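Fold and geometry: a report
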Amino acid sequence: GMERFKQYSDAFSFGPNEGLPGQVWTSKKPLWLKDVAAAHHFPRIGANAMISGLCGLRADVIPFGFSIGAVGRLAGINLVGMKRRNFSRASIHAVRRAYRTLFSGAASLSERVDAAEAEAGGDPAVAEIIAFIRADARRPLLQPAEYRNA
């Protein structure tokens, strides 16, 4: 029963960014998964992201991202989580501006990342998103459903 479960749990460990426990351990920040979610091939999930119930992830979710859908897509920013974590209004607005810049327009992703960084004026929450994307720019990012690179 429980003793066997405890022995197994004590012997099992997750490395940095390995599964949900490894991602939380690495970031030292909360991660919200509502009900049951599925992550395909270990996508990175940024700190303070919100993953809705029954959401399947096939790409990395930016910090503060809010994902929904059986085939996951970004629905915006986790505003409730940011407010609960006492982010300032200015920081919330900076993250929303960065989101719009990152996920619209014809420019390349690296150009949009540079533009979002320049617009943010050094906001720490936006800097976290930028660092997350630049940490491994080869990995796909979860996109909004309405996103068009055109």
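Presented here is an overview of the structure given in this document. (Residues numbered from 1 in each chain as written. Predicted model: local features only at pLDDT ≥ 70, side-chain atom pairs only at ≥ 80, totals over all residues. Heavy atoms only, no water.)

1. Regarding helix H5 (residues 109-120)
Put simply, the test is: Helix and strand labels come from DSSP, where a helix needs a run of H or I of at least four residues and a strand needs a run of E of at least two; each type is numbered from the N terminus. One less than the residue count of a helix, multiplied by 1.5 Å, gives the span that helix is expected to have. Categorising residues by exposure relies on relative accessible area from a 1.4 Å probe, with only protein chains included: less than 20% of the type maximum marks a residue as buried, more than 50% marks it as exposed, and the intermediate range marks it as partly exposed. Arc definition: directions from the helix axis to the C-beta atoms. Only heavy atoms enter the contact rule, under which two residues are in contact if any of them lie within 4.5 Å.
Here H5 spans 16 Å end to end across twelve residues, near enough to the 16 Å set by a 1.5 Å rise per residue. For H5, the set of buried residues is Arg 112, Val 113, Ala 116 and Ala 120. Buried residues of H5, viewed axially, fall in a sector of 105°; they line one side. Against the buried residues of H5 lie helix H4 (89-102) and helix H6 (124-135). The positive-phi residue at the C-terminal boundary of H5 is Gly 121, with phi of around 60°.

2. Considering the packing of H4 against H6
The relative placement of two packed helices comes down to the angle between their axes together with the axis-to-axis distance. Spelled out, the test is: Note on geometry: axes are lines fitted to C-alpha atoms, helical ones only across the stretch in contact, with angles between N-to-C directions running from 0 to 180 degrees. Lys, Arg, Asp and Glu make up the charged group, whereas Ala, Val, Leu, Ile, Met, Phe, Trp, Tyr, Cys and Pro make up the nonpolar group; the residues left over, Gly among them, are polar.
As a packed pair, H4 and H6 sit with axes 8 Å apart at the nearest point and diverge in direction by 35°. Taking contact as the criterion, the partners of Ser 91, Ala 94, Val 95, Ala 98 and Leu 102 in H4 are, on H6, Ala 125, Val 126, Ile 129 and Ile 133. Classifying every residue of the contact of H4 with H6 gives eight nonpolar, one polar and no charged.

3. A short note on the pairing of strand S5 (residues 65-68)
Within a regular beta strand, the side chains point alternately toward one face of the sheet and then the other, so they alternate between its two faces. Under the convention used in this document: Two strands are counted as paired when DSSP detects at least two bridges linking them.
Side chains Gly 65 and Ser 67 project from S5 onto a buried face, and the interleaved Phe 66 and Ile 68 project onto a face without burial. Bridge count between strand S3 (residues 50-51) and S5: two bridges; the pairing is parallel. Note on S5: the bridge partner recorded for Met 50 is Phe 66. Sheet topology note: the S5/strand S6 (residues 73-77) ladder contains four bridges and is antiparallel. Among the inter-strand pairings, Phe 66 is bridged to a residue of S6, identified as Gly 76. Between S5 and S6, which pair antiparallel and follow one another directly, the connecting turn spans four residues, one of which, Gly 69, has a positive phi of 100°.

4. Let's talk about the packing of aromatic side chains
Rule in force here: Here is the rule: rings of Phe, Tyr and Trp (six-membered ring for Trp) pair when centre to centre is within 6.5 Å. Planes less than 30 degrees apart are stacked, more than 60 are edge-to-face, and the remainder are tilted. The rule is short: NZ of Lys or CZ of Arg within 6 Å of the ring centre and within 35 degrees of the ring normal puts a charge over the ring.
Overall, the coordinates contain two aromatic pairs when judged by the stated rule. Here the aromatic rings of Phe 64 and Phe 87 are separated by 5.2 Å at their centres, their planes lie at 85°, and the arrangement is edge-to-face. Of this pair, Phe 64 sits in the loop between strand S4 (56-57) and S5 while Phe 87 is found in the loop between helix H3 (79-84) and H4, placing the two residues 23 residues apart along the sequence. With relative accessibility at 0%, the residue Phe 64 sits in the buried group. For Phe 87, a relative accessible area of 26% corresponds to the partly exposed category. Residues Tyr 99 and Phe 103 carry aromatic rings whose centres are separated by 5.1 Å and whose planes lie at 55° to one another, so their mutual orientation is tilted. The side chain of Arg 44 reaches across the aromatic face of Phe 132, ending 4.0 Å from its centre.

5. Some remarks on the nonpolar core
Definition in use: Residues belong to one nonpolar core when they are buried, are Ala, Val, Leu, Ile, Met, Phe, Trp, Tyr or Cys, and are joined through side-chain atoms within 4.5 Å.
If you look at the biggest cluster of nonpolar residues, it comprises 30 residues, and the most contacted ones within it are Val 61, Val 95 and Ile 133. Counting residues per element, the ones that place at least two in this core are S6, H4, H5 and H6. Beyond its immediate chain neighbours, meaning those up to four positions away, Val 61 contacts Arg 44, Ile 45, Gly 46, Ala 49, Ile 51, Leu 74, Phe 132 and Leu 142.

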